[in-house]
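Here's the letter readout for the chains.
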Amino acid sequence: MTNDNKAIIQRALTALLETRDVGTLAPFLSDDFIHRRPDSTSATKTEWLAAVRAALVPLADMRVEVLQLLADGDRVVLCTRRRLPDGPEVTVVEIWLIRDGLIAEGWEIIEPAARAAANLTWWEPTSS
């Protein structure tokens, strides 16, 4: 099951990156798919696909490097480094819940590489 779940995420990512067509993602998502962000916002399948579609325009030349793809039961963790030519670099950690062979939930954390050092001491009070 773990390898099957990893393969679902690999196929979905490959389909999106090769075609740059959000329609290739839809068959991988359950009808009740929900995408969650660290700021407690969430998006339905339709809302998330629309957001990905909109992001593909400015990110058309983005390069994605898979750093880690790990699975444990019904959860798959994908860590990628994403770069734009002559632009910023971010690290993205995504946790995907697989249910009945489809992606049912996703959680995403994005950290710009340029700000990573500042986030190492997030608990320290800032000077005002």
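Up top is the structure these notes are about.
These figures come from a predicted structure and were not determined experimentally.

Draft legend 1. Main features of the side chain of His-35. With respect to the secondary-structure elements, His-35 resides in strand 1 (residues 29–36). Here the side chain of His-35 touches Trp-48 through a polar contact of 3.4 Å, side chain to side chain. Sequence-distant contacts of His-35, that is, excluding residues within four places in its chain, are made with Thr-41, Ser-42, Ala-43, Trp-48, Trp-96, Gly-106 and Glu-108.

Draft legend 2. The pattern of salt bridges, seen in detail. All chains considered together, the criterion is met by 10 salt bridges. For Arg-37, the salt bridge goes to Glu-108, with nearest N and O atoms at 3.6 Å. Placement of the pair is Arg-37 in the loop between strand 1 and strand 2 (42–44) and Glu-108 in strand 6 (residues 102–112), with a sequence separation of 71 residues. Using a relative accessible area of 40% as the deciding quantity, one classes Arg-37 as partly exposed. We classify Glu-108 as buried; its relative accessible area is 11%. Among the ionic pairs, Arg-75 bridges to Asp-74, the shortest N-O distance being 3.7 Å.

Cut-offs applied
- Residues numbered from 1 in each chain as written.
- Predicted model: local features only at pLDDT ≥ 70, side-chain atom pairs only at ≥ 80, totals over all residues.
- Heavy atoms only, no water.
- Helix = DSSP H or I, 4+ residues; strand = E, 2+ residues; numbered from the N terminus.
- Polar contact = N/O pair within 3.5 Å; in protein donor to acceptor, adjacent residues only side chain to side chain.
- Contact = heavy atoms within 4.5 Å.
- Salt bridge = Lys/Arg side-chain N within 4 Å of Asp/Glu carboxyl O.
- Buried < 20%, exposed > 50% of the residue type's maximum accessible area, 1.4 Å probe, protein only.

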